[in-house]
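Results of the structural survey
Each chain, written out:
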Amino acid sequence: MNTVSPMASLHAEQNLISALLEILKLEQKHLVAADIDSLTALTPQKTALVNQMAVLASQRHSALGAAGYAAQESGMEAWLAASGDAHAHSLWQQVLELTREAKEMNRLNGVLINKHLNHTQGALNALRPQTQSQVYGPSGHATAGRSSRGFLAR
């Protein structure tokens, strides 16, 4: 029986995370420019890359489990330590660094998205009528109250 090495997909994982990082950088550029149409076009690309990365990580975890290691990132560290392969260790560190960079870029993009949402919400609020308005009472003096009158239905 031929077993798959945890290293089998590491180059592919590195390529995918690099591609995702480039898309996140492009997304940030579009967010700064408020180019919503271009942002919308990036979403399917990001989704496809993330799905491919999940499949490869799952395969790596399965290979680690089959090799007797924990089927998670800590198992990869143990597997690398046992293998003594300096190139594999270096490649894994590159994947981890790119992943950290992508997470930070995604966090920053989230901050930009929230700023756009807050700006849009503020603009919408400015267009809505105020719920409390100033009205004049029977004495002719201004009073705070609702501008609409209620009625009683029987």
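Everything in this summary refers to the structure shown in the same document.

Reading the values: rules and limits
Residues numbered from 1 in each chain as written. Predicted model: local features only at pLDDT ≥ 70, side-chain atom pairs only at ≥ 80, totals over all residues. Heavy atoms only, no water. 1 Å grid on protein atoms, 1.4 Å probe; cavity = no way out; pocket = protein on both sides within 12 Å on 5 of 7 lines; lining within 4 Å. Points joined across faces, edges and corners; volume = space filled by probe spheres on them. Helix = DSSP H or I, 4+ residues; strand = E, 2+ residues; numbered from the N terminus. Nonpolar A, V, L, I, M, F, W, Y, C, P; charged D, E, K, R; others polar. Expected span 1.5 Å × (residues − 1). Bend = angle between axes of the 7 residues up to and from the residue. Buried < 20%, exposed > 50% of the residue type's maximum accessible area, 1.4 Å probe, protein only. Contact = heavy atoms within 4.5 Å.

Examining the layout of surface pockets
Approximately 210 Å³ is the volume attributed to the largest pocket. Mapped by element, the contributors of at least two residues to the lining of the largest pocket are helix H1 (10-33), helix H2 (36-66) and helix H4 (86-127). Ranked by residues supplied to the lining of the largest pocket, first place goes to H4 with six residues. By volume, the second largest pocket is sized at about 150 Å³. Those elements that provide at least two residues to the lining of the second largest pocket are H1, H2 and H4. A class-by-class count of the residues in the lining of the second largest pocket yields six nonpolar, two polar and two charged.

Looking at H2
Every α-helix winds through 3.6 residues per turn, so residues three or four apart in the chain are directed the same way. Taking 1.5 Å per residue, 31 residues should reach 45 Å; H2 reaches 45 Å between its end C-alpha atoms and fits that length. The sharpest bend along H2 measures roughly 25° and falls at Leu 42, with the proline Pro 44 sitting one to four residues further on. Within H2, burial applies to Leu 39, Leu 42, Lys 46, Leu 49, Leu 56, Ala 57, Arg 60, His 61, Ala 63 and Leu 64. Against the buried residues of H2 lie H1, helix H3 (73-83) and H4. Of the residues one or two after H2, Gly 68 is the one with positive phi, at around 95°.

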